[in-house]
Amino acid sequence: MAKNSPATTAAAKGASGAPGRKNTTISAMRQSTLETLGLGTVLEIFKNGRLPAAAGELVDQVFGPAGDRGALVISGANGIVGSGKAMQLASRLQPFGVPLVALDFPGAPDGLGRHYPGLARTFGREGAGRIMESIIRMSYNGRSLPPQLKGLKPRFLLEAIPELLDVKKAHYKIFRCEFPGMDIRSVTSGFPGSELGVGIAHPAFPHEISKIWEIVEPKPTPGTQLLWALGMVPVPVSDNWSFVLDVLFCGATLAALRYHQASNMPYWKIDKYFRKLLGANPFRAHDAIGAKGANFLTWSCLHHLGEQYGELFKPNADLDDRKETGAEYYPLNHFRPLVNWSMGPEEEEDFKVRTLGPLFQMTSLLLHEKRSHLTHINAIGELCAQFRRGILSVIRTEGRDAAVKLVNKYQKLHPGAKSCWYPETFENIGSPEWQQLYVNAEHDGSAGVITLSRESYNSDVDAELNRAIDWLKKEKIEKVIISGDFHLSTQLVGADTADFYPALKDVKEGLRISRDWSKTARRLNDEFKVSVGYIGGKRCFGGCLELLLHCHYLVSAEDASLGMPEVTLPVVPGMEGCHWPLRKAAPEKWPELFRLLLTGRPVRAKEAVGWLVDYAGPVDGCLKTAWKLVTGAGPGLPRRKVQEGPLKKLPKDAPQGAEDNAVEAGKKAILECILASCAVTSSEALLVQAKHSAGFMLSPAFHTGKIGVELKKMLEV
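Remember, it's a predicted structure, so these values are computed and weren't measured experimentally.

This paragraph deals with helix α15 (residues 391–398). The element α15 is largely enclosed, with a buried count of six among its eight residues. Those residues of α15 not exposed but buried are I391, L392, S393, V394, I395 and R396. Buried residues along α15 sit in contact with α8 (245–263), α13 (345–368), α14 (374–383), α16 (400–413), α17 (432–435) and α18 (459–474).

Here we come to helix α2 (residues 55–63). The set of residues buried in α2 consists of A55, L58, V59, V62 and F63. The buried residues of α2 occupy an angular sector of 110° when projected down its axis, which confines them to one face. Residues of α2 that are exposed and angled more than 90 degrees away from the buried face: E57 and Q61. Elements in contact with the buried residues of α2: β3 (71–75), α3 (80–93), β6 (154–159) and α7 (222–229). Phi turns positive one or two residues past the end of α2, at G64, with a value near 95°.

A few words now on the sheet that holds β3. One open sheet accounts for eight strands, arranged β5-β4-β3-β6-β7-β8-β9-β10; its pairing is mixed. The open sheet terminates on both sides in strands that have one partner only, identified here as β5 (135–139) and β10 (233–236). Averaged over all pairs of adjacent strands, the angle between strand axes in this sheet comes to 25°, irrespective of strand direction. In this structure, β6 lies alongside strand β7 (residues 183–186), joined through four bridges in parallel fashion. Counterpart to L157 in the pairing with β7 is I184. Together, β3 and β6 form the strand contacts of α2, whose direction differs from that of β6 by roughly 90°.

If you walk across this open sheet you meet the three strands as β17-β19-β20, and the pairing is mixed. Bordering the open sheet on either side are β17 (539–541) and β20 (603–604), each of which pairs with just one other strand. Pairing geometry for strand β19 (residues 561–563) and β20, over two bridges, is antiparallel. Counted as the bridge partner of S561 is R604 from β20. Against the sheet, helix α20 (residues 542–549) touches β17 and β19, its axis set at about 90° to β17.

Before going further, it helps to examine the state of the cysteines. All chains considered together, the criterion is met by zero disulfides. Cysteine C551 remains unbridged, with the sulfur of C540 as its closest cysteine sulfur at 10 Å.

Attention now moves to the pattern of salt bridges. Evaluation of the coordinates by the stated rule reveals 34 salt bridges. Put simply, D559 and K606 hold a salt bridge, and the shortest N to O gap is 3.3 Å. Here K606 lies in the loop between β20 and β21 (615–617) and D559 lies in the loop between β18 (553–557) and β19, a separation of 47 residues in the sequence. You can call D559 partly exposed: its relative accessible area is 44%. Overall, the relative accessible area of 47% leaves K606 in the partly exposed class.

Moving on to unusual backbone geometry. Across the junction of F205 and P206, the peptide omega takes the value -5°, indicating a cis bond. When you line up the elements, P206 lands in the loop between β8 (199–203) and β9 (212–216). For the bond from L569 to P570, the omega torsion is -15°, close enough to zero to count as cis. Mapped onto the fold, P570 is located in the loop between β19 and α21 (580–584). Although it is not a glycine, K476 adopts a positive phi angle of roughly 65°. Within the secondary structure, K476 sits in the loop between α18 and β14 (479–484).

What follows deals with the side chain of H115. With respect to the helices and strands, the residue H115 is situated in the loop between β4 (100–104) and α4 (116–133). Residue classification places H115 among the buried residues on the basis of a relative accessible area of 8%. Within the structure, H115 has its side chain in polar contact with the side chain of S83 (distance 3.2 Å). Look past the residues within four positions of H115 in its chain and what remains in contact with it is S83, G84, M87 and E208.

Okay, empty space enclosed by the protein next. The rolling of a water-molecule-sized probe over the atoms marks out the regions of remaining empty space. Scanning the entire structure with this criterion turns up four cavities of 30 Å³ or more. In this structure, the largest cavity occupies an estimated 200 Å³ of space. Lining the largest cavity are 18 residues, and of these L72, L89, F156, G223 and L227 sit closest to its centre. Mapped by element, the contributors of at least two residues to the lining of the largest cavity are α2, α3, β6, β9 and α7. Counting residues per element, the lining of the largest cavity draws most heavily on α7, which supplies four residues.

Let us look at the packing of aromatic side chains. Applying the stated rule across the entire model yields 18 aromatic pairs. Note on Y273 and F351: the rings are 5.9 Å apart at their centroids and 55° apart in plane angle, and the pair reads as tilted. In this pair, Y273 sits in helix α9 (residues 267–277) while F351 sits in helix α13, placing the two residues 78 residues apart along the sequence. Aromatic side chains F500 and W517 sit 6.4 Å apart centroid to centroid with 45° between the ring planes, which places their arrangement in the tilted category. Placement of the pair is F500 in the loop between β15 (494–495) and α19 (507–526) and W517 in helix α19, with a sequence separation of 17 residues. Taken individually, F500 and W517 each receive the classification buried, so the pair is uniform in this respect. An aromatic cluster is built from Y259, Y273, F274 and F351, whose rings are joined through pairwise contacts. Residue placement shows R284 over the ring face of Y330; its charged tip is 3.7 Å from the ring centre.

With respect to the secondary-structure elements, V187 resides in the loop between β7 and α6 (193–196). Using a relative accessible area of 9% as the deciding quantity, one classes V187 as buried. Setting aside anything within four residues of it in sequence, one finds V187 in contact with V81, L158, E159, A160, A201, H202 and P203.

Time to look at the packing of helix α24 (residues 661–678) against helix α25 (residues 682–696). Running from amino to carboxyl end, α24 crosses α25 at an angle of 165°, the nearest separation of the two axes being 9 Å. For the element pair α24 / α25, the angle class is roughly antiparallel. For the pair α24 and α25, the sense of crossing is right-handed. Contacts between α24 and α25 pair A665, G666, A669, E672, C673, A676 and S677 from the former with A685, V688, Q689, H692 and F696 from the latter. Here the residues of the contact of α24 with α25 sort into seven nonpolar, four polar and one charged.

A word on the pairing of β7. Read as a crossover between parallel neighbours, the route from β6 over helix α5 (residues 165–178) to β7 is right-handed. Sheet topology places β7 next to β8; two bridges connect them, and they run parallel. Across the sheet, residue R185 finds its bridge partner in β8, namely G199.

Our next topic: the side chain of R69. Within the fold, R69 resides in the loop between α2 and β3. Under the relative-accessibility criterion, R69 is labelled buried at 13%. Side-chain polar atoms of R69 contact the backbone oxygen of G64, separated by 2.6 Å. Once residues lying within four places of it in the same chain are set aside, the contact partners of R69 are V59, D60, F63, G64, F96, G97, V98, L152 and K153.

Rules of the game
- The numbering scheme is per chain: residues are counted from 1 as the chain's sequence reads.
- Reporting of local features is limited, given that this is a predicted model, to residues whose pLDDT is at least 70; pairs of side-chain atoms are given and counted only at 80 or more, and all residues count toward the totals for whole chains, interfaces and linings.
- The basis for every side-chain value is the complete set of non-hydrogen atoms in the structure, without hydrogens or water.
- In this scheme, a residue with accessible area under 20% of its type's maximum is buried, one over 50% is exposed, and one in between is partly exposed, where area comes from a 1.4 Å probe on protein chains only.
- Per the convention used, a helix needs a DSSP run of H or I reaching at least four residues, while a strand needs a run of E reaching at least two, with both numbered from the N terminus.
- Throughout, a residue-residue contact means that at least one pair of heavy atoms, one from each residue, lies within 4.5 Å.
- In this description, one arc is meant: the one made by directions from the helix axis to the C-beta atoms.
- Paired strands, as defined in this entry, are two strands with at least two bridges between them according to DSSP.
- Orientation is described by axes fitted as lines to C-alpha atoms, over the contacting stretch for helices, and by angles from 0 to 180 degrees between their N-to-C directions.
- In what follows, a disulfide is any cysteine sulfur pair within 2.5 Å.
- We count a salt bridge whenever a side-chain nitrogen from Lys or Arg sits within 4 Å of a carboxyl oxygen from Asp or Glu.
- Between N or O atoms, a polar contact is any pair within 3.5 Å; within protein, one atom must be a potential hydrogen donor and the other a potential acceptor, and residues adjacent in sequence are included only when both atoms are from side chains.
- In this analysis the probe radius is 1.4 Å and the grid spacing 1 Å, with only protein atoms considered; a cavity is a set of points the probe fits into but cannot get out of, a pocket is an open set with protein on both sides within 12 Å along at least five of seven lines, and lining residues have an atom within 4 Å of a point.
- Grid points are joined across faces, edges and corners, and a volume is the space filled by probe spheres set on the points.
- Classification of ring pairs rests on two measures: the distance between centres of Phe, Tyr or Trp rings, Trp counted by its six-membered ring, which must be within 6.5 Å, and the angle between planes, read as stacked under 30 degrees, edge-to-face over 60 and tilted in between.
- Whether a charge sits over a ring comes down to the Lys NZ or Arg CZ being within 6 Å of the ring centre and within 35 degrees of the ring normal.
- Should an angle lie under 35 degrees it is considered roughly parallel, over 145 roughly antiparallel, and from 65 to 115 roughly perpendicular; all remaining angles are considered oblique.
- Handedness of a helix crossing follows the sense of rotation of the near helix relative to the far helix, less than a right angle counterclockwise being left-handed and clockwise being right-handed.
- As a working rule, the residues Ala, Val, Leu, Ile, Met, Phe, Trp, Tyr, Cys and Pro are called nonpolar, Asp, Glu, Lys and Arg charged, and the rest polar, with Gly in that last group.
- With the strands aimed away from the viewer, a crossover counts as right-handed if its path from the first strand over the helix to the second runs clockwise.

See below:
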């Protein structure tokens, strides 16, 4: 595809495997990630007025019809991975009457039982009891299956046994002899399906919480679509060694270990600098997972990657030793010296070369082999490897020439690592696939949809959103819906507070962020004839809610939690939350908005109709309403006008409450911002509220609040 050229796709009925789709031709900036699951485009979801796959129908396909349900079997169910996924899947499949068989060796530690307290906290004791009742524990000897398993008609095996290739293959043989038609997936971190002879469903850690699964299969299957329909996040990847997550995660660990070898810097200190640079803590993460198992898995992935691709991935002697000993990086008697030190500029540059250099080179391999959709590769780094920003976003910011130069510097330090380096893959950095990692836009010639694939708003998202709006305007689209992407973003949690770090020392940075982000949000109000914000996830908070409130209409799933938690951080809302919703609400509803802003307590969407949202209902009703509003089909809803002039007779007092000093200071600052920005015209208010937001970020209350503390932890080494 030529640089900067949008993708145009013809999505004909049934082309992607999504049932009941209407004939349509859709133009898009890039392919939506939803299409990689065979579920069509986001625009089609709104046009059809329903989600493209229903959990109940897919349960029937995968496990059989009600009354004749087969079982899900998890082998190695007492291990870290098996027990975590057992809890996650059992809680979602229990309402459909799918039994879960937890298979493991006799005498294996009770990995399932330790999850019960967490289940009880989430579902209550009664709900947790029902989930545990749906789990049937069985033991086997590794050579044959228990005879009672047949009576449960197993339909699907999720294999989570140790990472030993021959053992895994023998395990599948046992199941195939007993149940020839059974679908099998491995949770393996490293072996490709071509070696195992089965498909892959590799989950990200922590296994009982993370919803991300790397999926390897020739084309999307009902099992993968069922994961999506159950609220999880399957991500298709190609069938290569270690997939995407462990190339990045294990690669980051290896880079940190090699830096330790070169500098003798202690592991905890490397973690601090790594966190400052990328956001991840590779050594602390291994200890959190369990050093014994995590060290072996990291060694195994890198060992096989080294055999396939050469010295770039070869484990060093430190990891070889830890694979055998299982030693932690932060031992129980660990202490940090009272006399600390920081690296100078030259040392920090050396650290950057030795860590980002190999990661950039490994990313070139991922791109060369086309391991996944670029948005997927980028998101896996953030959602799974705990990078502050995805690796492609980091490379994009660095720039093609600088990124290549960095890798070349690294290779001079590590000459043996030149065997798999593909600098030409960075030539496409100007393409829509690279430029729109977080925000996509689609249209059918009449109405458009803008989708956010990142749950927190940052400067990358802001720049991409502006490009998406520009593209729709160029395509002459004047009616738009803005929404999550129905895939990677299952909620919208607000602004990425890491973007505020520079503003703690420079008021101009805070002013720039608040002013520029607010200008972007206003484009949704000013530059379209009709704009509809859609909230389909479980929550929408802070800056993301402020963004969507700039649409002419806001439609939300009725049970979604909506809130402005800035006072609890504390921070002054910077995307016009202190005046814009008040300008759209009737004066008698202002006390509700004051409570939202000054207490931080969220509200359910169905309780906020008329003053915060315009329609709340079941998902299908919301989808249909959003489409009717944007197309003008059928009776609409009254548009709440923005009051352009100053607002009068606003409440003057903040709700009372026993708060800590920082929160009380934040409450006072937010009230001052409300009164000041509402006392002027809407055109003047943008800058007024930006100044209040930026000014508060220099205050002692902000520095001692959650964001200031996190900054100290993250950046000050």
